[in-house]
Amino acid sequence: MGWQDSSWLLTCICFYFTFVRAVTTQKSVPWEVQRYDGWYNNLINHHRGSAGDTLVHLLPANYADGVGEPWLEPELPNPRSISNVAMRGNSGLPSTENRTVLFVIFGYHVVADVVDTTKPGCPIDFLNIRIPKDDPHFNAGKSKKKYIDYERSQWHTKTGWSPNNPREQVNQETSWLDGSSIYGSSHSRCDALRSFAHGQFASRAKGSNPAQSLPAESNIGNLMWSAPDPSTGDHSINGLSVLGNARGNENLFIMAEGVIWFRYHNYLASQFENESLGLTDEELFQKARKWVIATFQKIAFYDWLPAFLGHDVPPYDRYQSFVDSGVSHEFQVAAMSSLATMFPPGVYMRNRTCNFRDIVSKDGTNTSKALRVCNSYWNRQNQNVEKPEDIDDLIFGMASQIAEKEDNIVVEDLRDYMYGTLRFSRSDFIATSIQQSRDHGLATYNTAREAFRLAPTKNWTDINPELSINNMELFQQLAQLYRNDTSKLELLPGGMLENNGTFGKLFTTIILEQFERLRNGDRFWFENTQNGLFTEEEINIIRNRTFYDVIVAVTDAKEEQDIQKNVFFWRNGDPCEQPKQLTERDLEPCTPISTMNYFEGSPAGFGIILVILILLPILCYIAAYIVSHYHKKDFKQLQKKQQGATKSAKDLKGIKVSEWQGPKEKNRDICLQLVDKKTIKVLDIRNTLIRSINLGSHSSVKVVQSNNKGQKALLLHIPNEYDLVLFFQEENLRDDFIRQLRSYLDRNDLPLETSEMSEQDILKNAVTKQERSQLLDTFFRHLFSQILDIDRLDAGNLGFEASVKAKEALTCELSRTEFADFLGLKADSLFVESMFSLADKDGNGYVSFKEFLDILVVLMKGTPEEKSKLVFRMYDMEGKGCLSVEEFHNVMSSFAEVSSNTIEEAQTKEAVESVLKEAGYQDKSELTWEDFHFLLRDQEKNLFFSNLPIPGKGKKSGNIPLKRGCDSFLINRKQSGALYAAPSVYTEARRQKYERSKVKQKIQQFKRFIENYRRHIFCAATFFAITAAVCVERAYYYGFDAETSGIPETTRVGIIVSRSTAAGVSFMYSYILLTMCRNLITFLRETFLNQYIPFDAAVDFHRLIAAVAVILSVIHTLGHVINVYIFCNSPISILSCMFPYVFINNGSEEPHPYYWWFFQSIPGMTGVLLLIVLAIMHVFAFHHFRRSSFRAFWVTHHLYVVLYVLVIIHGSSGIVQTPRFFIYFIAPALLYLGDKLYSLRLKKVEIAVVRAELLPSGVTMLVFKKPHDFDYKSGQWVRIACLSLGTNEYHPFTLTSAPHEDNLSLHIRAVGPWTTRLRELYSPESITELGCLPKLHLDGPFGEGHQEWNKYEVSVLVGGGIGVTPFASILKDLVAKSSINSKIQCKKVYFIWVTRTQRQFEWLTDIIREVEENDKNDLVSVHIYITQLAEKFDLRTTMLYICERHFQKESNRSLFTGLRSITHFGRPPFVAFFNSLQEVHPMVNKIGVFSCGPPGLTKNVEKACRHLNKRDETHFIHHYENF
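Conventions adopted
- Residues numbered from 1 in each chain as written.
- Predicted model: local features only at pLDDT ≥ 70, side-chain atom pairs only at ≥ 80, totals over all residues.
- Heavy atoms only, no water.
- Helix = DSSP H or I, 4+ residues; strand = E, 2+ residues; numbered from the N terminus.
- Buried < 20%, exposed > 50% of the residue type's maximum accessible area, 1.4 Å probe, protein only.
- Contact = heavy atoms within 4.5 Å.
- Disulfide = S-S within 2.5 Å.
- Axes fitted to C-alpha atoms, helices over the stretch in contact; angles between N-to-C directions.
- Parallel < 35°, antiparallel > 145°, perpendicular 65-115°, else oblique.
- Nonpolar A, V, L, I, M, F, W, Y, C, P; charged D, E, K, R; others polar.
- Core = buried A, V, L, I, M, F, W, Y, C linked by side-chain atoms within 4.5 Å.
- Salt bridge = Lys/Arg side-chain N within 4 Å of Asp/Glu carboxyl O.
- Pairing = 2+ DSSP bridges.
- Phe/Tyr/Trp six-rings, centres within 6.5 Å; stacked < 30°, edge-to-face > 60°.
- Lys NZ or Arg CZ within 6 Å of the ring centre and 35° of its normal.

Caption draft 1: Main features of the environment of glutamate 1353. As for its position among the elements, glutamate 1353 is in the loop between strand E25 (1336–1342) and strand E26 (1354–1360). According to the relative accessible area criterion, glutamate 1353 is partly exposed, its value standing at 41%. In this structure, the C-alpha to C-alpha distance between glutamate 1353 and lysine 1388, residues 35 residues apart in sequence, is 6.5 Å. When residues no more than four places from it in sequence are discounted, the contact partners of glutamate 1353 are Gln1385, Cys1386, Lys1387, Lys1388 and Val1484.

Caption draft 2: Examining the state of the cysteines more closely. Under the counting rule described, the total for this entry stands at two disulfides. Disulfide pairing places cysteine 354 opposite cysteine 576 at an S-S distance of 1.5 Å. As the torsion about the S-S bond is roughly -70 degrees, the cysteine 354-cysteine 576 disulfide counts as left-handed. Remark: cysteine 576 occurs in the loop between helix H18 (547–554) and helix H19 (603–649) and cysteine 354 occurs in the loop between strand E3 (346–347) and strand E4 (359–360); sequence separation between them is 222 residues. With a relative accessible area of 30%, cysteine 354 lands in the partly exposed category. Residue cysteine 576 is classed as buried on the basis of its relative accessible area of 7%.

Caption draft 3: Seen up close, the packing of helix H6 (residues 252–275) against H18. The contact between H6 and H18 brings their axes to 9 Å, and the two run at 75 degrees. In terms of axis orientation, H6 runs roughly perpendicular to H18. The residues of H18 that touch H6, namely those facing Glu257, Ile260, Trp261, Arg263, Tyr264 and Tyr267, are Phe547, Val550, Ala553 and Val554. Of the residues assigned to the contact of H6 with H18, the class counts are eight nonpolar, no polar and two charged.

Caption draft 4: Representation of the nonpolar core in the model. Judged by nonpolar contacts, the single largest core of 149 residues is most densely connected at Phe106, Phe253, Trp261, Met398, Leu414, Phe547 and Phe568. In terms of residue count, helix H7 (residues 281–309) provides more of this core than any other element does, 16 residues in total. Setting aside chain neighbours within four positions, we find phenylalanine 253 in contact with Ile105, Phe343, Val347, Leu371, Val373, Ser376, Leu394 and Met398. Phe1143, Tyr1154, Trp1157 and Ala1175 belong to the second-largest nonpolar core, a separate cluster that totals 31 residues.

Caption draft 5: Examining the pattern of salt bridges more closely. Throughout the structure, instances matching the rule amount to 37 salt bridges. We note a salt bridge from arginine 194 to aspartate 281, for which the minimum N-O separation is 2.7 Å. Placement of the pair is arginine 194 in the loop between helix H5 (187–193) and H6 and aspartate 281 in helix H7, with a sequence separation of 87 residues. With respect to burial, arginine 194 and aspartate 281 carry one shared label: buried.

Caption draft 6: Quick look at the sheet that holds strand E20 (residues 1249–1255). Pairing within the open sheet is antiparallel, and its three strands lie in the order E20-E21-E24. Two strands bound the open sheet, and with one partner strand each, they are E20 and strand E24 (1303–1309). Each neighbouring strand pair of the sheet contributes to a mean axis angle of 15 degrees, computed without reference to strand direction. The pairing of E20 with strand E21 (residues 1259–1265) spans six bridges and is classified as antiparallel. Looking across to E21, one finds that leucine 1254 is bridged to threonine 1260.

Caption draft 7: A look at unusual backbone geometry. Put simply, glutamate 73 and proline 74 share a cis peptide bond, and its omega is 5 degrees. Considering the arrangement of structural elements, one finds proline 74 in the loop between helix H1 (3–28) and helix H2 (79–86). The phi angle at histidine 198 is positive, at roughly 60 degrees, despite the residue not being glycine. Here histidine 198 shows up in the loop between H5 and H6. In this structure histidine 198 comes out as partly exposed when scored by relative accessible area, which is 45%.

Caption draft 8: Highlighting the pairing of strand E9 (residues 655–660). Of all six residues that make up E9, five are buried, and the element is covered over most of its length. For E9 and strand E10 (residues 668–675), the ladder comprises five bridges, and the chain directions are antiparallel. Each residue of the ladder has a partner; that of isoleucine 655, found in E10, is leucine 672. Across three bridges, E9 lies against strand E15 (residues 724–727) in antiparallel orientation. Counted as the bridge partner of tryptophan 660 is valine 725 from E15.

Caption draft 9: Broad picture of the packing of aromatic side chains. This structure, assessed with the given rule, holds 63 aromatic pairs. Ring centres 5.3 Å apart and planes at 75 degrees place the aromatic pair tyrosine 348 and phenylalanine 356 in the edge-to-face group. Tyrosine 348 sits in the buried class, given a relative accessible area of 1%. Ring centres 5.4 Å apart and planes at 80 degrees place the aromatic pair tyrosine 1154 and tyrosine 1155 in the edge-to-face group. Taking relative accessible area as the criterion, tyrosine 1154 reaches 13% and is therefore assigned buried. For arginine 194, the ring lying beneath its charged end belongs to phenylalanine 285, and the centroid distance is 4.1 Å. Between arginine 289 and the ring centre of tyrosine 183, over which it is positioned, the NZ or CZ distance is 5.7 Å.

Caption draft 10: Here's a closer look at the sheet that holds strand E22 (residues 1277–1281). The four strands are arranged E19-E25-E22-E23 in an open sheet whose pairing can be described as antiparallel. Both outer strands of the open sheet, strand E19 (1246–1247) and strand E23 (1291–1294), are each paired with one neighbouring strand and no more. By the bridge criterion, four bridges tie E22 to E23 in an arrangement that is antiparallel. Bridging across to E23, isoleucine 1280 finds its partner in histidine 1291.

Listed below in structure tokens is the structure:
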């Protein structure tokens, strides 16, 4: 249930208590029951005098702007300065009329019954009082300014809009003398006071004497005002008495007054119960209540008021309904300030026998004569006032004690030590009262006098001539404060200065006027015989009751000797005279001012929470890395398991040992084979050759054994190579190896030299592979410096000061393995063996610097004849000057080896025959060098540019710039008359396009970019414009229009940031669902909307929205961090205004700690959980983790359900605003739900697999039945799940079947755990074990950009690796439609297949062959790029290129693929390719380019399209998908 729902429920409860309960009460009571809230007292104006009604201005409101802005400094003096000048003085002067302290306290009780404006307005508006620097008490510090807090009173929201409707403050109490301070001003509050038994209030001790009991203690946090005790700082509810007046515990004296009336009610209820048996609890309570109210009215008006005025009051005439009894602002000021002058610094306590008690200090160490007023504010636990009899003693003491003199002086307990806030524990009652009068817009002193027909004062001394004689300095200082302008003198100081032993005329006139209106306008006044409350006899009884009677009834005072009859005065002869008139010096000192920082002690914890929140993404990243690591580990184990059979079949013959590779490398397991020809082969556990050690050129073999640490290490020293360091499991195994090695060497006539040293020395002296590599690096750099134009500094210094290792590099020799590594080939290949033998002129099994230099000069700078002669000599092993046909076949086989046996032996033989036949050498048995060079006649230019790829050879390495020709790949076979066109230089047809200025090029590039991505830009701009508008709207609202909440004034930056981003995040989190409505997107892409919305970019747009939403979420969090910090430093009064459904201002002031906001509030808890969920979802969605652990991505991304639940709960509390998330969420959620439900119709159906086949390169082909009504288009994709794998996760795959086929087919490559296990599941062994083909669950089909291939006249399909799957479907669909002469827009399709070898996806070769056979209209042009073969101008592949050319001429098919399609070597040059398209199709304005494959491939295609789109030529529109 949200807070708004709670408020609605609270409204219903209040209606029940205020109306239904009132009606029920009235039915059980025979007289009209007066409402607690004051409503319907006046039957004409029902709300008049009710709680929540406005105060009355007897005089026009005096605001600076005429509306609500008060007069402040410098127009008026500082309130504290006025207090210091006009109200400061010595205490100890008694009342001239001997008015008692009880008179003062009763007066406060009367005022509290009719007026309460202490509740601050909302939003909180501070009018803090500046403390003067020379203040004698507060002593504004030298380091910073100090203020007395003042919060402006609550005002009616319908006022304060114009000078005709100025601000009017709200009265929290009823304006009637109806006992609101006893019973509360609402029905619910009164119920909280009641025991609902015997018509009495609830008391602490059940069953006790009603007249000697104490009210119940407060256990409801918001029932009693619980302001902090300035002497202790305690602001808890413990120890507070439950009274009708919420502020009844303000001090011990007002509390005692409230207890008297609490007791008196219970006393009367007990009396009535004894007199009238059978009355219900409600009847007893209401009867006692009306008698208490009547008694209170009589005492207040006919006893207390005359005592205040000094004369009798007019008698009661009749009820006057037209009289407005509303309490005036002027009355509040007059009454409170008049009583303040009489308040003593301390109050006596005595018992009925006149024994004045000693007061024990709070620490119990000292005693004083009286309770110090300044230390009695908001006391929870005071050991002097704990028991019922303590209340009696306090009442008796106040009845005997003479109040302070009726003058302008206020004791320091109210003026300097009045209770303040926790932040500044002391305040000034007079200063705050002056500020309140300004806040309320009170008229000036002279204006008030004129209004009440009193002469205005022109001179300052006219205010109080007698006082001016005794204290002229006071008036002089006051005149200086007001700039000697009496017209500016305010009502409060002016009225107080009139006092001089008697109350001034102005204040007494105001107070009398108010009381008369209270009496005459009150329909429930006890003397009104028309209301039927009392009979004449009962009225007379009430008229004779005094406060003395009340006190005697509820205390242990029984005789006049215990307490005087008129408790408001103490006359000579009355009992128990006070010991002396108290002064501050007679009492314990006031507790000094204390300050409090609400955030004190919180920075550390607050900072820790922030650090944890900041570390959330890092922690999630670590978790994702761990999960990814374990998934990779499991996947490797799975791969090893599948390769287990292969590995076990390979029986590793040889000596198994561990090799030490270096100090920073791990040891690896190897196998040593001692083979013929004096060679030691080193193989890994997969039986792959690591290195071959040729011992033929060595005169001996040196072995070093370790003689410590178990004697398990052995070093085999090989000159001109890095050493072989071996570790054996046991010493005897090492000894066995040495015996075998010795025997092997003996058979080959090689001596074995052995020595010993410690294991540490062996490892220290051994030449590692890394050290050898560094040596070879220097070798090659100096080698190239001899041939190429390389800076000598880049090659290294060869001077006398050169290092030993640099000189050693020039004398070192390369082994065959190092020679092969340099060429990037395998050491055991025939090509390497031939070239190495050719380079090794001295036949020592190593190539020296000079030998390598000789052959490298030919390769890098030689003529075509020199290069062909070099190749010829490589294979003319015997140097006879000719090659047999068999040797020429070996030449071609050696070149085939560079493609990892890409070409089969039969293909090689067929290619050789084709080449010889074309040259006319088919009858020759031997070929001379001239014959061999003749075979290369057509490729002489290529041979000139051919070389060997040198690792690291760049610009600085002197790479010779090659002006290579570029294939014009788009040759029409029928027009050319040849099946394969020779490479030719491509010439740009419109070269003037390149001659533009750079500015025009940039402009054109920008225009093309806009044209290419106009739909993307439009949708993104629209979406984010709406997001920005939503954010700006909320920012504007909370910046300017939400002033009534008080939030902007408190935390403007934080709230604007948090609320604006919250609106944006709500919008984005809602509409991001539409990007995942796959079925809806598939449907909409067939409509006109596809022209405006790039549906293909749905996933990319999903990622973009998610990224921006996460950023906004982080900013939203930062805004709330600011808010929490500010809220933790804001008193509860401010928080209750901002969050009325969460906080209630009960006076305690201290805000909730920071951890409450984070972990105990609904928004805080859900916010933290949302951050955790977002961090998990976002981190696990990273490309790396998604690829390495799709299962983790799948599971964590399904947390979106939790995300939306948390978002709904997060905003439902309505702390700041009413929930708004549903505004954005409902529509997208319904669409998403419908899309999901549509998918479920297929997901729940199991699809039978018709055929499963394991193809090479880890590809699994699955053919399964097409579901009923399953319509799809070529290029679309589906999601499948296989429950037999133990998981329900769905994976996307493109359909390779065409729409016209009866079954659906997928080709799935095993590249991850799921696909690998799927391949294992459909293996013949698994199927045999299961007895059937496991079924699948299908979801789809879903559309993507590839399905739009037929919307362009010319389409280019680029597939890499397994990314060719969508094009398999497209090619089959195209040929099928072409065969039946179906009308399609597409006229030409170019399919580019980029594959490592043609064997990698042989299944596609069959599809392409079928396409070639059925393509009667020459719609499809296929180009195959085999990337495992180097480029054509590499010396290694020149011969293969020649063979391919001849083979295609003769057989009309490729030597490599067996297809008629053109085969290229290396990677496709997309820019040149697309350039050619512009020439072949000059009339086509737009060409669709569709690519699918690794990111590197699609990025290269995208770059090529962007490059060509910079021109004003054909526009290439690129659609791509990555896997």
